[in-house]
Amino acid sequence: MSDEAHGALWEAALLLASTAWLVNVFGLVSVFADNGEAVSFLPVRQVRHTDHGVVNLVPAWVAPTVVTLLAASGFCLVLAAGAAARRGKIPFICRKGSVR
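(A) Looking closely at the overall build of the protein. Scanning the protein from N- to C-terminus turns up two helices and three strands. In the protein, buried positions account for 23% of the 100 residues. Sequence separation of at least 24 residues holds for 44% of the intrachain contacts in the protein that already meet a minimum separation of 6.

(B) A look at the environment of L70. Residue position: L70 is located in helix α2 (residues 62-86). Separated by 53 residues in sequence, L70 and A17 have C-alpha atoms that sit 5.7 Å apart.

(C) Spotlight on the environment of G7. Residue position: G7 is located in helix α1 (residues 5-29). Note on G7: relative accessible area 10%, which makes it buried.

(D) Molecular detail of the environment of L28. Turning to its location among the elements, L28 is positioned in helix α1. Sequence separation of L28 and F41 is 13 residues, and the distance between their C-alpha atoms is 8.5 Å.

(E) Region of interest: the nonpolar core. In terms of nonpolar packing, the biggest core is built from nine residues, these being A20, V23, V31, V44, L57, V58, V62, V66 and L69. Top element by residues in this core is α2. It accounts for three residues. When neighbours within four sequence positions are excluded, V44 is seen to be in contact with N24, G27, L28, V58 and V62.

(F) Inspection of the pairing of strand β2 (residues 44-50) at higher detail. Pairing of β2 with strand β3 (residues 53-56) involves four bridges; the strand directions are antiparallel. Counterpart to H49 in the pairing with β3 is V54. Count of turn residues in the β2/β3 antiparallel hairpin: two residues.

(G) Just α2, in detail. Given a rise of 1.5 Å per residue, 25 residues ought to cover 36 Å, and the 36 Å separating the end C-alpha atoms of α2 matches this to within 8%. Among the residues of α2, V62, V66, L69, S73, C76, A80, A83, A84 and A85 are the ones counted as buried.

Reading the values: the criteria
- Residues numbered from 1 in each chain as written.
- Predicted model: local features only at pLDDT ≥ 70, side-chain atom pairs only at ≥ 80, totals over all residues.
- Heavy atoms only, no water.
- Helix = DSSP H or I, 4+ residues; strand = E, 2+ residues; numbered from the N terminus.
- Buried < 20%, exposed > 50% of the residue type's maximum accessible area, 1.4 Å probe, protein only.
- Contact = heavy atoms within 4.5 Å.
- Core = buried A, V, L, I, M, F, W, Y, C linked by side-chain atoms within 4.5 Å.
- Pairing = 2+ DSSP bridges.
- Expected span 1.5 Å × (residues − 1).

Written as structure tokens, this is what we have:
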């Protein structure tokens, strides 16, 4: 783990994005046995048309979890970029000195 705030936020963003990917893969694996129509990949959604309507083959908690984890990852990335800019770690987005 990194000592500085922006490094820890980068690592948190990477961890959240990786977890979102794993949850999405779990959703993909859970529907391999069923024949259905793939509606979307991220978040994964696969449906099967039956006589009684449309049945979602992916567990209901997968899509909201993936979206929430990706949003949290993006938020961490924004915070990390702000923290790095404040500390002068990003040369082209530095608040110190003039813009000339």
